[in-house]
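These are the residues of each chain, in order.
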Amino acid sequence: MQIITYYLLKTALSAMLVFVAAFALRELYRLWFIQRITLAPFAYQKDGADNEASGKAFSQRVYQELRALQKLLRGGPGETSSGPAISLEAGQRTSGYATTLEPPPVTPALGKNLQIPEIPKLPLSGIEMKVQGVDFASLFRNLSQWADPPDEFVGSVTEQNNTFSTLVEWRRAGRDPETRSRFAANGHPNPDEAAFVTACNIIYLLLLDQDSEFEKKLSRTEFEIFARSLRQYSAYRSAILEMRPKETTDKVRLSLDEADRLSSGLIERKVGDRYHPILMLGAITAIAKNDYPRARGHLKAYRQVEPNDPKAGELEKLLPTPPAETTAAIHHTDGAESPRQKFRPVRPGISAGSSETGGGTICCVVQDRKDPTKRYLLTADVFGDKTTVGLAIIQPSPLDGGAAPTDQIAQVARILLPKSGGENQAAGCLSVVSPDVKYDPACYSIGAFAGKGIAAPGDHVTLIGRTSGVVHGRVVVVNTTSRIGLDADRFATFSGMIICQREGGEPLSKAGDGGAPVVNERNELIGMCFASSIKETILIPIQAILDALEVELVTK
């Protein structure tokens, strides 16, 4: 018995020595070959008073967001399709949403080797190793801090009147303090939103460190929008995979709508041309919403830059076979079923765009007040920063298969651009129709406008747009002031705006409806679709646009 005990003790001591040796070898390798990145506890001030516990809690929030984003960007476990598709039973299907609810996985080729900062934990933390009164564990920790300083993200949070602002600095070992990367995130409504934006900024800096050319693909703001879209789609996907069909909620559908709105906005601004996974994400959200023509267009654009990506082929298998198209169906108004098709004569309510930029919807035909023989097509400034006088306008837009010079219908003649500083009442773009192109002032689907109208709260309205087609809603607010994002980094204030919604509190418009005419129950044109959020659509009153551009509406 004593012999057995002797060997058991000897084995236990050997195991402990092997563990210590393995630990020492790991620390030795890390010391020489791995640079640690840590996330320090945030300094936290609430209404002017320091709060150390809140700072540590905020660091944990940021770390959780970093882990979640890392998983999304890597396309790791949990982001692959598994199990049978979940289908809604007959009578439960909701128009505009996927009837087969298991969405495809999102696996953007981004950050495969991304190392996120960890909450710092010193070696042998909480362990005492004293020999002759000397604490070797404490000595080891102090030497590690001196000889192996980490790259560290250090930050502060200011909470003032329930608004949260953060300031973060990346302190890199051995680097000049003047070269440290810093960023601020201000005015967030809650700590979760502040933590998410902080995590996005940290990951963006890490991606720039991996690839100095990354900022040419995505700006910091564009990356945040892309990350938001990924997160919303992931929330939708997880909910669908975990729920029974009868438990589908408005919150789930709103997550998909927001993911689609954000990715579509990036695609409309041609960000997908610089960073191709955005096109893939746009195709995925379009498939989930049963918008197969739009999904097919995004996949076609993606295939042009990534022809051998098997994921694109997998998604294409989910698309129904398109109906056979004849030349007459494509090139003539007669029998046209979608505002995205090619229309001759050209008319309001249909797709138009430019080969250089994005696309939108034709609002109406107008004429010059001083010279009524001069007529123009009115659109919103939906063609982006590259909109210049002389720019060729194509119908349908390139997003819908149009191409220059075959489908050119007009050239930009006058532009009223919104000012990012100061207040605006209107914006718009006038284009002269090409001599060989016929046009008709009557709107797609609803016919001739019955003149101009004035909106009032509660009015029932109809939008005719490139993406939405013909949709109905109501006026919520009139004569309001709105702050509208012009692009990823610029905002403009507009006064006198009209706010509209569909029944149920959804926006009246979707991406691609910019410029769409909106009429009241008397078929009077009341405004032009200019912007939208997850809950509402913003119209510019038509009279404000006509006055600013010194033109009048043409109805026949």
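Residues numbered from 1 in each chain as written. Predicted model: local features only at pLDDT ≥ 70, side-chain atom pairs only at ≥ 80, totals over all residues. Heavy atoms only, no water.

Caption draft 1: Highlighting the overall build of the protein. Looking only at helices and strands, the protein has 13 helices and 22 strands in total. Counting all 556 residues of the protein, 47% fall into the buried class. Across the protein, every contact between residues at least 6 apart in sequence was considered, and the portion connecting residues at least 24 apart equals 64%. Put simply, the protein shows about 27,800 Å² of open surface, and 53% of that area lies on carbon and sulfur atoms. (Helix = DSSP H or I, 4+ residues; strand = E, 2+ residues; numbered from the N terminus. Buried < 20%, exposed > 50% of the residue type's maximum accessible area, 1.4 Å probe, protein only. Contact = heavy atoms within 4.5 Å. Areas by Shrake-Rupley, 256 points an atom, 1.4 Å probe, with all protein chains shown as cover.)

Caption draft 2: Geometry of a nonpolar patch on the surface. On the surface, a nonpolar cluster with roughly 360 Å² of combined accessible area is contributed by Ile3, Tyr6 and Tyr7. The topology assignment puts tyrosine 7 in helix H1 (residues 2-33). Residue tyrosine 7 is classed as partly exposed on the basis of its relative accessible area of 49%. (Patch = residues over 30% accessible without salt bridge, like charges linked within 9 Å, V, L, I, M, F, W, Y side chains within 5 Å. Salt bridge = Lys/Arg side-chain N within 4 Å of Asp/Glu carboxyl O.)

Caption draft 3: Representation of the confidence of the model for the protein in the model. On average, the protein scores 78 in pLDDT, and the residues at 70 or more come to 74%. Helix H12 (residues 327-331) is the least confidently modelled element of the protein, averaging 33 in pLDDT, while strand E22 (residues 551-554) averages 97, the highest of any element. Between residues 76-109, whose pLDDT stays under 50, and residues either more than four places distant or in other chains, the model counts 89 contacts. Ignoring residues within four places in sequence, the model shows residues 323-336, a span with pLDDT below 50, making 13 contacts including any to other chains. (pLDDT = per-residue confidence, 0-100.)

Caption draft 4: Spotlight on the packing of aromatic side chains. Counted under the stated rule, the structure contains 10 aromatic pairs. In this structure an aromatic cluster arises from ring pairing among Tyr204, Phe214, Phe223, Phe226 and Tyr275. The ring of phenylalanine 196 carries arginine 231 above its face, with NZ or CZ at 3.8 Å from the centroid. (Phe/Tyr/Trp six-rings, centres within 6.5 Å; stacked < 30°, edge-to-face > 60°. Lys NZ or Arg CZ within 6 Å of the ring centre and 35° of its normal.)

Caption draft 5: The arrangement of helix H13 (residues 542-549) in detail. Taken residue by residue, H13 has Ile542, Ile545, Leu546 and Leu549 as its buried positions. For H13, the angular spread of buried residues about the axis comes to 95°, placing them on one side. Of the residues trailing H13, glutamate 550 is marked for its positive phi of about 55°. (Arc of directions from axis to C-beta.)

Caption draft 6: Layout of the environment of histidine 188. Counting through the fold element by element, histidine 188 comes out in strand E8 (residues 181-188). Note on histidine 188: relative accessible area 11%, which makes it buried. C-alpha of histidine 188 to C-alpha of threonine 166: the two residues are 22 residues apart in sequence and 9.0 Å apart in space.

Caption draft 7: Focus on the packing of helix H2 (residues 52-74) against helix H4 (residues 191-210). At a minimum axis separation of 8 Å, H2 and H4 run at an interaxial angle of 55°. Between H2 and H4, the crossing angle belongs to the class labelled oblique. In the packing of H2 onto H4, the handedness of the crossing is right-handed. Across the interface between the two elements, Phe58, Arg61, Val62, Glu65, Leu66, Leu69, Gln70 and Leu73 from H2 touch Pro191, Asp192, Ala194, Ala195, Phe196, Thr198, Ala199, Cys200, Ile202 and Ile203 from H4. (Axes fitted to C-alpha atoms, helices over the stretch in contact; angles between N-to-C directions. Parallel < 35°, antiparallel > 145°, perpendicular 65-115°, else oblique. Left-handed = near helix turned anticlockwise from the far one by under 90°.)

Caption draft 8: Quick peek at the pattern of salt bridges. Following the criterion strictly, the structure yields 20 salt bridges and no others. Residue glutamate 258 pairs with arginine 261 through a salt bridge whose shortest N-O separation is 3.0 Å. With glutamate 258 and arginine 261 both in helix H7 (residues 250-268), this residue pair falls 3 residues apart, about one helical turn. Assessed through its relative accessible area of 30%, arginine 261 is described here as partly exposed. A network of salt bridges, in which partner residues are shared, links Arg369, Lys452, Asp547 and Glu552.

Caption draft 9: Broad picture of H4. In a regular helix each residue adds 1.5 Å, so 20 residues correspond to 28 Å; H4 covers 29 Å between its end C-alpha atoms and thus fits that length. Most of H4 sits out of view: 16 of its 20 residues are buried. Between the side-chain oxygen of the N-cap and the backbone nitrogen of aspartate 192 there are 3.2 Å, and the N-cap of H4 in question is asparagine 190. (Expected span 1.5 Å × (residues − 1). Polar contact = N/O pair within 3.5 Å; in protein donor to acceptor, adjacent residues only side chain to side chain.)

Caption draft 10: Just unusual backbone geometry, in detail. The omega torsion of the bond from glutamine 395 to proline 396 falls at 0°, within 30 degrees of zero and hence cis. Here proline 396 is to be found in the loop between strand E12 (392-394) and strand E13 (408-416). Of note, the amide linkage connecting alanine 404 to proline 405 takes the cis form, showing an omega dihedral of 0°. The topology assignment puts proline 405 in the loop between E12 and E13. In this structure, asparagine 161 is a non-glycine residue whose phi angle is positive, near 55°. In this structure asparagine 161 comes out as exposed when scored by relative accessible area, which is 62%. Positive phi is not limited to glycine here, since asparagine 523 has a value of about 70°. As for its placement among the helices and strands, asparagine 523 is situated in the loop between strand E19 (517-520) and strand E20 (525-532).

Caption draft 11: Local environment of the nonpolar core. With 62 residues, the main nonpolar core has Val62, Phe153 and Phe223 as its most contacted residues. Broken down by element, this core gets its largest block of residues, 12 residues, from H4. Beyond its immediate sequence surroundings of up to four residues, phenylalanine 153 is in contact with Ile37, Thr38, Leu39, Ala40, Pro117, Val168, Glu169, Trp170, Ile202, Leu205 and Leu206. Counting residues in each nonpolar core, the second largest holds 47 residues, with Val346, Ala380, Ala426 and Leu553 among its members. (Core = buried A, V, L, I, M, F, W, Y, C linked by side-chain atoms within 4.5 Å.)

Caption draft 12: Seen up close, the side chain of asparagine 201. Mapping asparagine 201 onto the fold places it in helix H4. On the accessibility criterion, asparagine 201 (5% relative accessible area) is buried.

Caption draft 13: Spatial organisation of the pairing of strand E16 (residues 460-465). Within E16, 5 of the 6 residues are buried, which leaves the element mostly enclosed by the surrounding structure. Here E16 pairs with E19 via 3 bridges, running antiparallel. Bridge assignment links leucine 463 to a residue of E19, and that residue is valine 518. (Pairing = 2+ DSSP bridges.)

Caption draft 14: Here's a closer look at the environment of cysteine 200. Looking at where cysteine 200 falls in the secondary structure, it is placed in helix H4. A sequence separation of 21 residues divides cysteine 200 from threonine 221, and the C-alpha atoms of the two residues are 9.2 Å apart. In contact with cysteine 200, other than residues within four places in its own chain, are Leu69, Phe223, Glu224 and Ala227.

Caption draft 15: Structural detail: the packing of helix H9 (residues 277-288) against helix H10 (residues 292-305). Axis separation between H9 and H10 bottoms out at 8 Å; the angle between their running directions is 160°. Compared by their axis directions, H9 and H10 come out roughly antiparallel. Every pair of crossing elements has a handedness; the one defined by H9 and H10 is left-handed. Residues Pro277, Leu279, Met280, Gly282, Ala283, Ala286 and Ile287 of H9 form the contact with H10, whose participating residues are Tyr292, Arg294, Ala295, His298, Leu299, Ala301 and Tyr302. Looking at the contact of H9 with H10, its residues break down into 11 nonpolar, 2 polar and 1 charged. (Nonpolar A, V, L, I, M, F, W, Y, C, P; charged D, E, K, R; others polar.)

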